[in-house]
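Chain by chain, the residues:
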Amino acid sequence: MTDDPNITGSLLDEDDSVASIGIVQHKVSLVQRSRAVQTAILDGFNAAWARPISRYAIMATSSVCALALGLGIYLAIRPVPQPDYETADLGIAFNYTLL
């Protein structure tokens, strides 16, 4: 590193002054980051759940999402009767064929 204060080195350069005073820099592991994120999410949820208005909003939103998911699953896997290809409308027969 240079002694000129106007010239800054790369951020990737190692600073000898930090090593000389005994500060050790370590990288935070992925496990530690994921635990920190998990605890932050849980703390935020617990803080929201403590307020009655937020609790009702969470329950209402969860109910709507569960109903929408159930409806989507039903529409995706419901039985569709096979149309009569000789008398059915072309659109209905084509949609069934592509199903």
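The coordinates are above.
Each value, and the rule that gives it
For every chain, the first residue of its written sequence is number 1, and the numbers climb from 1 along that sequence. For a predicted model such as this one, the threshold for reporting local features is a pLDDT of at least 70, and the threshold for listing and counting side-chain atom pairs is 80 or more; totals across whole chains, interfaces and linings nevertheless cover every residue. Calculated side-chain values reflect all of the structure's heavy atoms, with hydrogen atoms and water omitted. By convention, a stacked pair of Phe, Tyr or Trp rings (six-membered ring in the case of Trp) has centres within 6.5 Å and planes under 30 degrees apart, an edge-to-face pair has planes over 60 apart, and any other such pair is tilted. We count a stretch as a helix when DSSP gives it H or I for four or more residues in a row; a strand needs E for two or more, and each element gets its number in order from the N terminus. Over a ring means this: the NZ of a Lys or the CZ of an Arg is within 6 Å of the ring centre and within 35 degrees of the ring normal. Grouping into patches uses exposed residues only, defined as over 30% relative accessible area, and leaves out salt-bridged ones; the cut-off is 9 Å for like charges and 5 Å for nonpolar side chains (Val, Leu, Ile, Met, Phe, Trp, Tyr). Areas reported as accessible are Shrake-Rupley estimates using a 1.4 Å probe. Residue values count occlusion only from the protein chains shown. Within this document, salt bridges are pairs made up of a side-chain nitrogen of Lys or Arg and a carboxyl oxygen of Asp or Glu, the two lying within 4 Å of each other.

**A few points about the packing of aromatic side chains**
Here is step 1 of the chain: Scanning the entire structure with this criterion turns up 1 aromatic pair.
Here is step 2 of the chain: An angle of 25° between the planes, with centres 5.7 Å apart, marks the rings of Phe45 and Trp49 as stacked. Placement of both Phe45 and Trp49 in helix α2 (residues 30-50) is noted, with a separation of 4 residues, approximately one turn of the helix.
Here is step 3 of the chain: One Lys or Arg, Arg55, reaches over the ring of Trp49 and ends 5.7 Å from the middle of that ring.

**Things to note about a nonpolar patch on the surface**
Here is step 1 of the chain: A surface patch of nonpolar side chains, about 410 Å² in accessible area, is lined by Phe45, Trp49, Tyr56 and Met59.
Here is step 2 of the chain: Mapped by element, the contributors of at least two residues to the nonpolar patch are α2 and α3 (52-77).
Here is step 3 of the chain: Note on placement: Met59 falls in helix α3.

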